[in-house]
Amino acid sequence: MRGRRPIALVAALACIAALGIATAAVTLDDFGRVLAAIPIVNEARVMAAFELGLKSSCCGFPVSETYRLLERLAAVSGSAADKEAIVLAITQAIEQGIPVDSLLNKAFEGLARAVPLAPLGQLLEQRLRLLLESRDLFYSRGIFRASPGASVAAGATALQPSQFDGLLSNFGDALGDYLESGGSPFEGQQIYDGVHERLTQLSGTVLTTSDVDLVFSRIEPTDLTQVVLAALR
Amino acid sequence: MYRTQDEVSLLRASLEGETAAWGEIVMRYKDAVFGLCLGFLRNRADAEDITHDAFIRAYVNLRRYNLERKFSTWVFTIAANLCRNRLRYRRNHPVMEVDFELEGSADPARTVAREERQVRVRTALNSLPYAYRTPLVLRFYNDLSYKEIGDILAIPEGTVKTRIHRGKAMLKEMLDKERDPS
Amino acid sequence: MTLDARDPLDELLRETLRQDVAAAADSLGRLEERVMESLGERLPKRGILGNLKALAAPTRGGRWGQLAVVGATAAAFLLVGTLLGDRLPFGRHKEPLLLGAVPAAATKSVASRSSAENGVLFILPALNARVVSVVGSFSEWEPVPLSDDDGDGIWTTEIPLPPGRYEYAFIIDGRWWGQDPSADEYIRSFGEYSSVRYVGGGGDGA
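Bear in mind the structure is a predicted one, so any value in this text is a computation, not a measurement.

Remarks on the overall build of chain C
- Looking only at helices and strands, chain C features six helices and eight strands.
- Secondary structure elements in chain C, listed N-terminal to C-terminal, are α-α-α-α-α-α-β-β-β-β-β-β-β-β.
- Evaluated residue by residue, chain C yields a buried proportion of 46% over its 206 residues.
- For chain C, the computed accessible surface area is about 10400 Å², with 58% contributed by carbon and sulfur atoms.

Topic: the pattern of salt bridges
- Taken as a whole and assessed by the stated rule, the structure comprises 36 salt bridges over all chains.
- Salt-bridge contacts for C:Glu167 lead to A:Lys106; the nearest nitrogen and oxygen are separated by 3.9 Å. Remark: A:Lys106 occurs in helix α6 (residues 101-112) and C:Glu167 occurs in strand β5 (residues 164-172); the pair is interchain, linking two chains.
- Relative accessible area serves as the criterion here: at 1%, C:Glu167 is assigned to the buried category.
- Among the salt bridges present, the one from A:Asp177 reaches A:Arg198, with a minimum N-O distance of 3.3 Å. Residue A:Asp177 is found in helix α8 (residues 164-180), and its partner A:Arg198 is found in helix α9 (residues 188-202); the two are separated by 21 residues along the sequence.
- A single salt-bridge network, built from bridges that share partners, covers A:Lys106, A:Glu109, A:Arg113, A:Arg127, A:Asp173, A:Asp177, A:Glu180, A:Arg198, C:Arg165, C:Glu167 and C:Glu185.

Topic: the pairing of strand β7 (residues 185-189) of chain C
Residues and elements named next belong to chain C.
- The pairing of β7 with strand β8 (residues 192-199) spans five bridges and is antiparallel. By the bridge assignment, Ile187 is partnered in β8 with Ser194.
- Here β7 folds back onto β8, and the loop between the two strands holds two residues, one of which, Phe190, carries a positive phi near 55 degrees.

As for the interface of chain A and chain B
- Counting from both sides, the interface comprises 22 residues of chain A and, opposite them, 19 residues of chain B.
- Surface buried jointly by chain A and chain B totals about 1700 Å² across both partners, of which 54% is contributed by carbon and sulfur atoms.
- Across the chain A-chain B interface, the total number found is one salt bridge.
- Its salt-bridge partner being B:Arg166, residue A:Asp165 comes within 2.5 Å of it at the nearest N-O pair.
- Linking chain A to chain B there are eight residue pairs in polar contact (both at pLDDT 80 or more).
- Those elements giving two or more residues to the side of chain A that touches chain B turn out to be α3 (43-55), α5 (80-95), α7 (117-140) and α8 of chain A.
- Of the residues in the side of chain A that touches chain B, the class split is 11 nonpolar, four polar and seven charged.

Here we look at the packing of aromatic side chains
- Per the stated rule, a full pass over the model turns up 21 aromatic pairs over all chains.
- Look at B:Tyr65 and B:Phe71: their rings are 5.5 Å apart centre to centre, the planes differ by 85 degrees, and that puts the pair in the edge-to-face class. We note that B:Tyr65, like B:Phe71, is buried.
- With a centroid separation of 4.9 Å and 40 degrees between ring planes, the pair formed by B:Tyr65 and B:Trp74 is classed as tilted.
- Taking relative accessible area as the criterion, B:Tyr65 reaches 9% and is therefore assigned buried.
- Between the NZ or CZ atom of B:Arg139 and the centre of the ring of B:Tyr146, over which it lies, the distance is 4.1 Å.
- Its end group placed over the ring of C:Phe122, C:Arg197 keeps NZ or CZ at 4.6 Å from the ring centre.

Observations regarding the nonpolar core
- The biggest cluster of nonpolar side chains holds 77 residues, and the ones touching the most others in it are A:Leu35, A:Phe50, A:Phe171, A:Val195, A:Val215 and A:Ile219.
- Top element by residues in this core is α7(A). It accounts for 11 residues.
- Filtering out sequence-adjacent residues up to four positions away, A:Ile219 remains in contact with A:Leu137, A:Arg141, A:Ile143, A:Phe171, A:Tyr192 and A:Leu224.
- If you look at the next biggest cluster of nonpolar residues, it comprises 70 residues, including B:Ile25, B:Phe34, B:Leu128 and B:Ile149.

Notes on the environment of A:Pro99
- Residue placement: A:Pro99 occurs in the loop between α5 and α6.
- Spatially, the C-alpha atom of A:Pro99 lies 9.6 Å from that of A:Leu128, the residues being 29 residues apart in sequence.
- Among residues more than four places away in sequence, those in contact with A:Pro99 are A:Leu131, A:Phe164, A:Asp165, A:Leu168, A:Ser169 and B:Arg166.

Side note on the pairing of β8(C)
Residue and element names in this part refer to chain C.
- Counting buried residues along β8, seven of its eight residues qualify, which places the element largely inside the surrounding structure.
- Direction of pairing for β5 relative to β8: antiparallel, over a ladder of five bridges. Within β8, the residue paired with Glu167 across the bridge is Val196.

Quick word on the confidence of the model for chain C
Residues and elements named next belong to chain C.
- Mean pLDDT over chain C stands at 68; residues scoring 70 or higher make up 57%.
- This model gives residues 44-116 a pLDDT under 50, and the stretch forms 100 contacts once residues within four places in sequence are excluded.
- For residues 202-206, every residue scores under 50 in pLDDT, and the model assigns this stretch 11 contacts once sequence neighbours within four places are set aside.
- With a pTM of 0.74, the predicted complex shows an ipTM of 0.86.

Points about the state of the cysteines
- Within this structure, the stated rule accounts for zero disulfides over all chains.
- The cysteine B:Cys37 is free of any disulfide, with B:Cys83 supplying the nearest cysteine sulfur at 3.7 Å.

Some points on unusual backbone geometry
- Residue A:Pro39 is reached from A:Ile38 by a cis peptide bond, and omega for that bond is -15 degrees.
- Position of A:Pro39 among the secondary structure elements: in the loop between α2 (28-37) and α3.
- The backbone phi angle of C:Glu140 is positive, close to 55 degrees, even though this residue is not glycine.
- As for its position among the elements, C:Glu140 is in the loop between β2 (132-136) and β3 (144-145).

Quick word on α2(A)
- Those residues of α2(A) that fall on the buried side of the exposure criterion are A:Asp30, A:Phe31, A:Gly32, A:Val34 and A:Leu35.
- Residues of α2(A) that are buried sit in contact with α3, α4 (63-75) and α5 of chain A.

Re the packing of helix α2 (residues 19-41) of chain B against helix α3 (residues 44-60) of chain B
All names here are of chain B.
- In contact at an axis separation of 8 Å, α2 and α3 are set at 140 degrees when each is read in the N-to-C sense. By the angle between their directions, the pair α2 and α3 is classed as oblique. Note on packing geometry: the crossing formed by α2 with α3 is right-handed. Contacts between α2 and α3 involve Thr19, Trp22, Val26, Tyr29, Lys30, Val33, Phe34, Cys37, Leu38 and Leu41 from the former and Arg44, Asp46, Ala47, Glu48, Ile50, Thr51, Ala54, Phe55, Ala58 and Tyr59 from the latter.

Considering the packing of helix α6 (residues 130-140) of chain B against helix α1 (residues 8-22) of chain C
- Look at α6(B) against α1(C): their axes get within 9 Å of each other, and the N-to-C directions meet at 90 degrees. As the angle between them shows, α6(B) and α1(C) are arranged roughly perpendicular. Within the contact between the two elements, α6(B) uses B:Leu136, B:Val137 and B:Phe140 and α1(C) uses C:Asp10, C:Leu13, C:Arg14 and C:Leu17.
- Looking at the contact of α6(B) with α1(C) residue by residue, the class counts come to five nonpolar, no polar and two charged.

Calculation notes
- Residues numbered from 1 in each chain as written.
- Chains lettered and ligands numbered in written order.
- Predicted model: local features only at pLDDT ≥ 70, side-chain atom pairs only at ≥ 80, totals over all residues.
- Heavy atoms only, no water.
- Helix = DSSP H or I, 4+ residues; strand = E, 2+ residues; numbered from the N terminus.
- Buried < 20%, exposed > 50% of the residue type's maximum accessible area, 1.4 Å probe, protein only.
- Areas by Shrake-Rupley, 256 points an atom, 1.4 Å probe, with all protein chains shown as cover.
- Salt bridge = Lys/Arg side-chain N within 4 Å of Asp/Glu carboxyl O.
- Pairing = 2+ DSSP bridges.
- Contact = heavy atoms within 4.5 Å.
- Buried area = accessible area lost by both parts, 1.4 Å probe.
- Polar contact = N/O pair within 3.5 Å; in protein donor to acceptor, adjacent residues only side chain to side chain.
- Nonpolar A, V, L, I, M, F, W, Y, C, P; charged D, E, K, R; others polar.
- Phe/Tyr/Trp six-rings, centres within 6.5 Å; stacked < 30°, edge-to-face > 60°.
- Lys NZ or Arg CZ within 6 Å of the ring centre and 35° of its normal.
- Core = buried A, V, L, I, M, F, W, Y, C linked by side-chain atoms within 4.5 Å.
- pLDDT = per-residue confidence, 0-100.
- Disulfide = S-S within 2.5 Å.
- Axes fitted to C-alpha atoms, helices over the stretch in contact; angles between N-to-C directions.
- Parallel < 35°, antiparallel > 145°, perpendicular 65-115°, else oblique.
- Left-handed = near helix turned anticlockwise from the far one by under 90°.

Written out as structure tokens, the structure reads:
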């Protein structure tokens, strides 16, 4: 089997590279065209958000991925209002400064599985609320602060903004997975264990171990029950 | 005669038609309102126009102002709304957009280190999207709380915090890149 | 626990913004006079209080009021959503595929799956299958083909992946299969199973 691995690798690389090449440098006009093809009603609001996204692309906004999602939405059959609900979930995330990668991933998966657009939009809205509630929990526990000072060493009282997207994205995503797997919002300890497991698996790679430790030293299972309930409200 | 009066007395006097009392209010708040407008618009002439209009609008709406609310937050909210309108207008009339430049500080021979740093920060700040720039201005120039900033910009407090820390991260990245372009 | 050092950028921002306002001091100096002049022009005859009443009447705030209503409606629209779960109408009828047991192949896959220098190996025994691919968060859920060049029913592909967490599923002749025996965990996604692999972290035996 070893002998054929290079061929498979080349094929896989070609498939993944094709995603990147198709939309190398996306502009605001490109977004405008693809939105017109969907089409959407709240165009001004969405365009303002994408303009904001493009201007802050230095800091984590996945421009090409977002554009490709819109392309797929435009191509798929379904009601424009349902498509717009999906676009608005992404729009709101950009407006609120929330990382959009986990939302994009769910949207891509839903489209690939041919999930009806209305429940897909509702699921994204729920995930957005989980992210927002998680973010507010982080701030209220001092895990992140708006202006965290200059120290980056272990033992800092708050994490640096560069950790924000990775941590929040995985945290919110773990809560979403828990709920969608049929978990009860009232089982705080179970939710806590699930999120803890997820972040621990990633510590040492995309998250640092001390960051993960700091998060769990400041939150309790009951906090997570409240986050989930607030997002379901 | 108005110099020593407290804010509530001045507002009451203004409501009774004493424009001079309103003049004193303008004097006390004009820098803060102008700083906010400059943060939104990046253009001094526009910022002055809107500061002027904000005080006019605040005056004609003064009867709606609840004296128990913080006056600064109220007048900032009016100014922020006017700035947003101006930005919307500019979007539809792109010729009107003028980059904000500060004359006199870019002469390298005369620029001392502190001014140089300020020029770099100003340039970086001006290239931030306004959604990220204005919370920074309200926080670091107007010294407002996150809650007040959220009220003025009509965004949740958590979003204010995120925009401030993202805005700072973007600034840092731009400043670092400038220092080390490689 | 150490206290955070003050961020020098905060101070620099303050200084810069103060400087910007100070630079406009000359033209701002007469602002209160201009405001009073404008008010005088706007409110010439009826007296200020009378004009205040007139100007503060409904039309002034009306537009903002309307905007607020539009904003609130949009917010309500965005917030409408119900808890998804078993009610989702897209649970597919799933027959057990041919993967109940994964003998030698699974052993091979586990041995070679931690990201080697070439990438992460995806391997699936699927006898008699005609087309096998893998979809996942690494490919925006677009199919990446697996191959079985020697026809032994063991399909493989290798994908270069940076450290992180990846959700995926196989598609065998058009049917989704989300329970890879080599996965670190399974999750339920849209009522179906997805596999999860951690690359480079604790889940990868590192």
